[in-house]
Amino acid sequence: MKPRILTIAATLMLVAATAAAQTLDDALRYSRIYYQGTARFNGMSGAFTALGGDISAVALNPAAAGVFRSTEIAISPNLMFRTINTNFNGFSDDKSASDFKMGQVGVVSSLTTGRKSGLTNLNIAYTLNRTNNFYRYAVIDGISDNSSMADFWALQANGYNTWDLEGMPWVAYDSYLIDTLSGQFTEYASIFSYYGDEQPTYGQKMKRTIDNYGYTNEHNIAIGANISDRLYLGAAFGITGLSYTSHYLHSEIDDADLIFDFEDFSYTDHFVASGSGFNFKLGAILRPVESLRLGVSFTTPTVYTVDEWYYNNFTAFLNNDTPADFSDDIDYSNESGEFTYRYRVTTPYRINAGIAYQVGNFAILSADYEFIDYATARLSRGTDGYDFFNENEDLKSELGSAGNLRLGAEVRFGSLYLRGGYSHYGSSFRDGTLNESATNTGYSTGIGFRQNKFYIDLSMVWLNGSEGYMLYPDDPRSNPLYRSDPVYIDTNDKYLSATLGFKF
């Protein structure tokens, strides 16, 4: 254990290699897809793998492009209302916000061959679909009775000599939030246990403000063929884009003066990511009888190249329990500077299968099942040559396969259409992990008015989910002095969409 220094005021540059911390969270964030499309597509919960005939359906199954009989243009603005509730040790907080984006833009051009059998139509389509919205503003606020982020930095420091520490473990050591155990050189504990000399004491006020935003989207260029009005085949090239900003401020304050020497610390983590990628899609729709359609599609893994820009800063104040003597106070600050990093994310492949049944000219029933194996996602090709071996092992051990179910129905009354749907998105995590039950459930409804040359549709989607969020990882097997409990975050979304479409 090092001797006390009376006053510290430092600004250090952190090592760039330790500041970059790509994890399974990054791979999972860009792998999840919640398609936003036309109001008709949204109103039927996206159950269009077999149905086709909607511009947004091309993103699920490029064979949908072959179903069109005329040239069509559609544009669909989307308004999201999101409410986020957090619960931390009995303290809850609610935050609400709205966000306006363009959910879908698309055009399909139908070329008729003039034949009555064989290749009757060869169609070309372009679509732009929003595939995820990363907006999250949440506040986690309460009293911590069993851990501190300082314990996590002590856990990270274990196994290293003090002169080998880098990044936040070094900053926490340099600010006296952590130190070596008495008589040890590579084992650490935090000030909350007085560096391992006493049983841990907590009760500090802990607050984390999360302010994230961004999106992923996908451009698809597809070609679809109609063969004798019985078989529709399609292929598409997808160009994906992402933009993501992550920011959180974590603070801990000992208002009740429970922890010896400790007053407060705050830590800010900020990074901005942007990138682009590509994938390929193949699909088919079969109509064995007039009223029945069967569809299947395969999407290759999307390969993203991601550029990140990031920084963090840290402040701490320790009073050394002599309030009348300010000379021994420790007032510490650190700013990491700005760093950049580039790496690659490969998302999982996706398989969609669907069935649709038409009840005369009155109604359509449709069902989709989507399979994704999130464990196949990978991080690779870091700027510095880093191979992400440990991170990819975490991906394989934590993530698993998931199934997504989408059901939709449409009823026609002349020019008026009524729609409804249900969706269930399976958990991305394996059984036995914290978020094994972190599913999302959605409901949808919609209405449309259609004429020969134009149409207008409206829809509303409700999508709800819950997840366990760790303020910081812990490993009780290697550090039994503390444990970190998850914070449960409930997200409730409402998506209001409108589509204006024209046929030529």
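Relevant structure appears above.
Please read all numbers here as calculations on a predicted model, not as lab measurements. (Residues numbered from 1 in each chain as written. Predicted model: local features only at pLDDT ≥ 70, side-chain atom pairs only at ≥ 80, totals over all residues. Heavy atoms only, no water.)

Caption draft 1: Summary view of the pairing of strand β11 (residues 303-318). Here 16 bridges tie strand β9 (residues 262-289) to β11, and the two strands are oriented antiparallel to one another. Its bridge partner lying in β11, valine 272 is registered against tryptophan 309. Across 8 bridges, the pairing between β11 and strand β13 (residues 339-346) is antiparallel. Residue pairing for β13: tyrosine 304 is matched across the bridge by valine 345. Of the strand pairs in this sheet, β11 and strand β12 (residues 330-335) are connected by 6 bridges, and their pairing is antiparallel. (Pairing = 2+ DSSP bridges. Helix = DSSP H or I, 4+ residues; strand = E, 2+ residues; numbered from the N terminus.)

Caption draft 2: Structural context of the pattern of salt bridges. Evaluation of the coordinates by the stated rule reveals 17 salt bridges. For glutamate 370, the salt bridge identified is with arginine 350, shortest N-O distance 3.0 Å. Of this pair, glutamate 370 sits in strand β15 (residues 363-373) while arginine 350 is found in strand β14 (residues 350-359), placing the two residues 20 residues apart along the sequence. Among the residues examined, glutamate 370 registers a relative accessible area of 2% and is labelled buried. Shared partners join several salt bridges into a network, and the residues in it are Arg40, Glu410, Arg419, Arg450 and Asp457. (Salt bridge = Lys/Arg side-chain N within 4 Å of Asp/Glu carboxyl O. Buried < 20%, exposed > 50% of the residue type's maximum accessible area, 1.4 Å probe, protein only.)

Caption draft 3: Representation of a nonpolar patch on the surface. Residues Ile73, Ile75, Met102, Val107, Phe449, Phe454, Ile456, Leu500, Phe502 and Phe504 make up a contiguous nonpolar surface patch of about 830 Å² in total accessible area. Of all the secondary-structure elements, those providing two or more residues to the nonpolar patch are β1 (72-88), β2 (91-112), β20 (454-469) and β21 (487-503). Among the structural elements, isoleucine 75 can be located in strand β1. When its relative accessible area of 40% is taken as the criterion, isoleucine 75 is described as partly exposed. (Patch = residues over 30% accessible without salt bridge, like charges linked within 9 Å, V, L, I, M, F, W, Y side chains within 5 Å. Areas by Shrake-Rupley, 256 points an atom, 1.4 Å probe, with all protein chains shown as cover.)

Caption draft 4: Layout of the nonpolar core. Counting 40 residues, the largest nonpolar core has Trp153, Leu177, Phe265, Phe314 and Leu471 as its most contacted members. In terms of residue count, helix α4 (residues 149-157) provides more of this core than any other element does, 6 residues in total. Non-local contacts of phenylalanine 265, meaning those with residues more than four positions away in its chain, are made with Ser148, Met149, Ala150, Trp153, Leu177, His250, Ser251, Glu252, Phe314, Thr315 and Ala316. (Core = buried A, V, L, I, M, F, W, Y, C linked by side-chain atoms within 4.5 Å. Contact = heavy atoms within 4.5 Å.)

Caption draft 5: How the structure looks around the environment of leucine 60. Here leucine 60 lies in the loop between α3 (39-43) and β1. Classification of leucine 60 by relative accessible area gives buried; the value is 2%. When the C-alpha positions of leucine 60 and threonine 383 are compared, they lie 33 Å apart, and in sequence the two are 323 residues distant. Leaving out residues up to four positions away in the same chain, leucine 60 has contacts with Tyr35, Phe41, Gly46, Phe48, Thr49, Ser297, Asn352, Asp368 and Arg406.

Caption draft 6: Just unusual backbone geometry, in detail. If you check the backbone angles, tyrosine 176 has positive phi at about 70 degrees while not being a glycine. Note that tyrosine 176 resides in the loop between α5 (167-174) and β5 (178-180). A positive phi angle is found at phenylalanine 388, which is not glycine, with a value near 60 degrees. Summarising the element assignment, phenylalanine 388 is placed in the loop between β16 (378-380) and α6 (389-398). Phenylalanine 388 gets classed as buried once you look at its relative accessible area, which sits at 0%.

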